[in-house]
Amino acid sequence: MRTMKGIPASPGIQQAPAWKYESDDIEVSRAPVGDPSSEWQRLTHALERARSQVAEIHIRALSEVGSSEAAIFEAHRMFLEDPALLARARQGIFQSEISAEAAWAEGFEYYAAKLEGLGDELLRARAADVRDVGALVLRILLGRERSSKPSPSAPSIVIARDLTPSDTIGLDRAFVRGFATMEGGPTSHTAILAKALQLPAVVGLGQRLFEVDDGALVLIDGERGEIVVEPDVAAAEAFARRSKEVQRIEQEASEHAEEPAQTTDGHRVEVVANIGRVEEARAAIGLGAEGVGLLRTEFLYLERSYAPSEEEQLHAYGEILDAFESRPVVVRTLDAGGDKELRYLDPTPEANPFLGWRAIRLCLDRPDLFKTQLRALLRASVGHDLRIMFPMVAILDEVRRAKNLLYEARKEVEAAGHRTASAIQVGIMVEVPAVAVMADQFAREVDFLSIGTNDLTQYTMAAERTNQRVAYLGDACHPAVLRQIRGVIKAGHQAGIWVGLCGELAGDPQGIPILLGLGLDEFSMAPGFIPHAKALIRKWSFAGARELAALALDLDSAPAVRAAVAASSPA
Amino acid sequence: MQTLRLKVVNEVGLHARPAAMFVQAASGFQATIRARNATVTGDWVDAKSILGVLTLGVEKDHEIEVDLDGPDEAPAAAAIQRLVESDFKS
């Protein structure tokens, strides 16, 4: 038995045999081959396939984890379109007359080595990305489109040197129970993606990890950052106890998942799901989702060369709304940017796309695009409780203009002879601090407010979640964020409207009691968190939660707030 | 044929987003455009290649030389100059 300590990357406790993910050290021969033009054709076809695979992975990542985490696949795409890399490969094929594989491998290895040689840690990470994408194309050329061991076929803990984003998203999740890697840090891609996928992960375990045999039983504790390989009897028993406890809690949570989330003193709140695809809809309902607090619509717009039509959108929204029947579904209108995400719009480069022309700003500048979405939503609304929400609103004028366009869209739909639901709630996301500060004025013009704590925290703390060096600042439990939440809820209630929250904080066991105590009406989270959230809410009294919230908002840091919640008792 | 000599003042140098913007800007023109790091002298790279640009190792306060040749070299030069001199804000 060996116990290995690494860096906790994602919580959870699991046990399963190890499944070693070998990065292919693909051997490519430099021997000359006969036909340069056919080698060139093979390469260009392989590149086309690679581009569409990266596009697919990008979309999947976007709907599963969100756009900042998925941005890495944008870089992959740029590499696949690099003219110098292609020229190098072409030269290899036509001048050295080597195979497509050899020419391509030499090409991307040249750049990867150069980037590594520059010494900067970020550039070394880029080198790894280049190799990741390079290997993808090689596998296609060699007819080995997954590595020789495609995916575990039985429940397993994946062991690897490091896992690239495409690895993590690409593995068939049916049998992955956790990740353990030699390299990586707490905010590396493995950590970010594992958390989003709700699987335990431990990183930075070092070279010793290599010694673990394929199939050896591994216990993983993501919170403690530990793995135990081939546990002895004592370790196995301790694990079994802990895991039984966790399972019991899970079991209880799922048994009661469909029941309402009501505190011990009778205060009821709504618990709903954040989803991005039809497939997630049915699963969410099974996990106790009472509706949808955030339906992301970007999947319809990205990775294509023209905007989706009204009919196409109508079909997609219809499928999702049908799954939810009469439960409320809050749809967020297009929340993507103009610079690279939506190439068919204005490709003007921006220094800071996340602070730039995107979301509602883009939509108001492109009324045809925007109204196409609005018309599709209006038509899909019949027989459902559809609610529409505008992202990244910063000023009142945007709300008014958006509502006007919605009104126009409704007229257009009716003129074309279609029906729409008679009452559709219209709200906005509160993610720009300006809106939080002026919530009282915004509350008067909408039917609801939904707080997007992920971005609100980024803007408030001026730190990117996915930037390893400053990620520690981006904790939504910081009192600066909590006070804004308090203000927004107060303003909403004073105007007689409901207030929801669709950021990670809504599913965070340390955030939930505070949000409960601040009077939040609707908690929207990734479906996997729903049973636990409901179970937790049922343990609390509203009175107790209010006390905790009042206390927490007077503290001076996120760690202090988390400690206070951890130390508190639900009664 | 035109040559520009520009100073990159961005905190991250010609990496990450500034690099992507630089490459995107260059790729919008027909002219052949090359760049090299004038401070840490090295090879010329194709300015439309993100990998090439990244390997220039341009840090904050390094100067780059940009070489343009083609029918639209004048607007290309203007766009690239504006981009770098505005510190990648336009």
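Residues numbered from 1 in each chain as written. Chains lettered and ligands numbered in written order. Predicted model: local features only at pLDDT ≥ 70, side-chain atom pairs only at ≥ 80, totals over all residues.

## Overview of the overall build of chain A
For clarity, the threshold we go by: By definition, any uninterrupted DSSP run of H or I lasting at least four residues is a helix, any uninterrupted run of E lasting at least two residues is a strand, and each is numbered from the N terminus. Counting other C-beta atoms within 10 Å of its own, a residue is labelled buried from 20 upward, exposed at 12 or fewer, and partly exposed in the gap between, with every C-beta atom placed from the backbone. Placing a C-beta atom from the backbone of each residue, one calls two residues in contact when those atoms lie within 7 Å.
In terms of regular secondary structure, chain A is built from 22 helices and 17 strands. Out of the 571 residues in chain A, the part that is buried amounts to 49%. Long-range contacts, defined as pairs at least 24 residues apart, comprise 68% of the intrachain contacts of chain A with a sequence gap of at least 6.

## Details of the overall build of chain B
Tallying secondary structure elements over chain B gives three helices and four strands in all. Each helix and strand of chain B, placed in order from N terminus to C terminus, yields the pattern β-α-β-β-α-β-α. Residue burial in chain B is summarised as follows: out of 90 residues, 44% are buried. Restricting to contacts in chain B with at least 6 residues of sequence separation, those with at least 24 account for 67%.

## Examining the sheet that holds strand 7 (residues 217-221) of chain A
Residues and elements named next belong to chain A. Threshold: By the convention used here, strands pair only if DSSP detects at least 2 bridges between them. Helix axes are fitted only over the stretch in contact, all axes being lines through C-alpha atoms; the angle between N-to-C directions runs from 0 to 180 degrees.
Read from one edge of the open sheet, eight strands run 1-8-7-3-4-5-6-2, paired in mixed fashion. The open sheet terminates on both sides in strands that have one partner only, identified here as strand 1 (2-5) and strand 2 (7-10). Neighbour-to-neighbour, the strand axes of this sheet turn through a mean angle of 30°, independent of strand direction. In this structure, strand 7 lies alongside strand 8 (residues 226-229), joined through four bridges in antiparallel fashion. Its bridge partner being in strand 8, isoleucine 220 is matched across the sheet by isoleucine 227.

## Section: the nonpolar core
In plain terms, the rule: As used here, a nonpolar core is made of buried Ala, Val, Leu, Ile, Met, Phe, Trp, Tyr and Cys residues. They are joined through C-beta atoms within 7 Å.
Counting 97 residues, the largest nonpolar core has A:Ile428, A:Val430, A:Leu449, A:Val488 and A:Leu515 as its most contacted members. Residues within four places of A:Leu449 in sequence aside, it is in contact with A:Gly427, A:Ile428, A:Val430, A:Ala439, A:Phe442, A:Ala443, A:Val488, A:Gly492, A:Ile497 and A:Val499. If you look at the next biggest cluster of nonpolar residues, it comprises 64 residues, including A:Ile98, A:Leu141, B:Ala31 and B:Val66.

## Here's the deal with the interface of chain B and chain A
What counts, and what does not: In the scheme used here, Gly and all other residues not listed as nonpolar or charged are polar, with Ala, Val, Leu, Ile, Met, Phe, Trp, Tyr, Cys and Pro taken as nonpolar and Asp, Glu, Lys and Arg as charged.
With 17 residues of chain B at the interface, the matching set in chain A holds 15 residues. If you list the elements that add at least two residues to the side of chain B that touches chain A, you get helix 1 (16-27), strand 3 (45-46) and helix 2 (50-55) of chain B. When the residues that make up the side of chain B that touches chain A are grouped by side-chain class, the tally is eight nonpolar, five polar and four charged.

## Focus on the sheet that holds strand 1 (residues 2-7) of chain B
Residues and elements named next belong to chain B. Strand order in the open sheet formed by four strands is 1-4-2-3, and the pairing between neighbours is antiparallel. Two strands lie at the open edges of the sheet, namely strand 1 and strand 3, each paired on one side alone. In this sheet, strand 3 lies alongside strand 2 (residues 32-37) in antiparallel orientation, the contact comprising two bridges. Counterpart to alanine 35 in the pairing with strand 3 is valine 45.

## Quick look at the packing of helix 10 (residues 278-286) of chain A against helix 11 (residues 310-324) of chain A
All names here are of chain A. Threshold: Oblique is the label for every angle not falling under 35 degrees (roughly parallel), over 145 degrees (roughly antiparallel), or within 65 to 115 degrees (roughly perpendicular).
The N-to-C vectors of helix 10 and helix 11 enclose an angle of 5°; their axes lie 9 Å apart at closest approach. When the axis of helix 10 is compared with that of helix 11, the two are roughly parallel. Facing helix 10, whose interface residues are Val278, Ala281, Arg282 and Ile285, helix 11 presents Glu319, Ile320, Ala323 and Phe324. Tallied by class, residues from the contact of helix 10 with helix 11 come to six nonpolar, no polar and two charged.

## With respect to the pairing of strand 15 (residues 448-451) of chain A
Residues and elements named next belong to chain A. What you see with strand 15 is no split at all: Phe448 and Ser450 on one side and Leu449 and Ile451 on the other are buried throughout. Inspection of the sheet shows strand 14 (residues 425-430) paired to strand 15 by four bridges, in the parallel sense. Across the sheet, the residue bridging to glycine 427 is phenylalanine 448, located in strand 15. For strand 15 and strand 16 (residues 498-501), the ladder comprises four bridges, and the chain directions are parallel. Counterpart to phenylalanine 448 in the pairing with strand 16 is tryptophan 498.

## A closer look at unusual backbone geometry
Even without a glycine there, the phi angle at A:Glu97 is positive, about 55°. Relative to the assigned elements, A:Glu97 resides in the loop between helix 4 (83-94) and helix 5 (100-117). In the Ramachandran plot, B:Asp87 falls in the positive-phi region, its phi being about 55° despite a non-glycine side chain. Within the secondary structure, B:Asp87 sits in the segment after helix 3 (73-85). The exposure class of B:Asp87 is partly exposed, given the 13 C-beta atoms found within 10 Å.

## A look at the confidence of the model for chain B
Cut-off, in case you're wondering: Confidence scores here are pLDDT values: one per residue, from the predictor, ranging 0 to 100.
Within chain B, residue pLDDT values average 90, and 99% of them lie at 70 or more. Per the prediction output, this complex has pTM 0.63; the corresponding ipTM is 0.87.

## A closer look at the packing of helix 21 (residues 542-552) of chain A against helix 22 (residues 558-567) of chain A
All names here are of chain A. Heads up, the condition is: Each crossing gets its hand from how the near helix is turned against the far one by less than a right angle, where anticlockwise is left-handed and clockwise is right-handed.
Packing of helix 21 against helix 22 leaves a shortest axis separation of 10 Å and a crossing angle of 155°. Between helix 21 and helix 22, the angle falls in the class roughly antiparallel. Crossing of helix 21 against helix 22: the hand is right-handed. Contact residues: helix 21 offers Leu548, Leu551 and Ala552, while helix 22 offers Val561, Ala564 and Val565. For the contact of helix 21 with helix 22, the class distribution of residues is six nonpolar, no polar and no charged.

## Points about the environment of A:Ala402
Residues and elements named next belong to chain A. Note that alanine 402 resides in helix 14 (residues 396-415). On the basis of neighbour counts, which here come to 22 C-beta atoms within 10 Å, the residue alanine 402 falls in the buried class. In contact with alanine 402, not counting residues within four places along its chain, are Ile360, Leu364 and Phe390.

## A closer look at the environment of A:Val246
Residue and element names in this part refer to chain A. Its location among the elements puts valine 246 in helix 9 (residues 233-255). A residue is classified by how many C-beta atoms lie within 10 Å of it, and valine 246, with 13 of them, is partly exposed. For the pair valine 246 and glutamine 14, spaced 232 residues apart in sequence, the C-alpha to C-alpha distance is 10.0 Å.

## Considerations on helix 4 of chain A
Spelled out, the test is: Every helix has an expected span of 1.5 Å times one less than the residues it contains.
Between the first and last C-alpha of helix 4 of chain A there are 16 Å, a value that for twelve residues agrees with the 16 Å anticipated at 1.5 Å per step. Of all the residues in helix 4 of chain A, the buried ones are A:Ala84, A:Leu85, A:Arg88, A:Ala89, A:Gly92 and A:Ile93.

## A few points about helix 11 of chain A
Residues and elements named next belong to chain A. Stated precisely, the cut-off is as follows: To obtain the arc, one takes the directions from the helix axis to the C-beta atoms.
Over its 15 residues, helix 11 extends 21 Å from the first C-alpha to the last, a length consistent with the 21 Å expected when each residue adds 1.5 Å. Among all positions in helix 11, only Gln313, Tyr317, Ile320, Leu321 and Phe324 are buried. Summarising the axial view, the buried residues of helix 11 lie within an arc of 100°, below the 170-degree limit, and thus occupy one face. Directly beyond the C-terminal end of helix 11, a positive phi value near 50° is found at glutamate 325.

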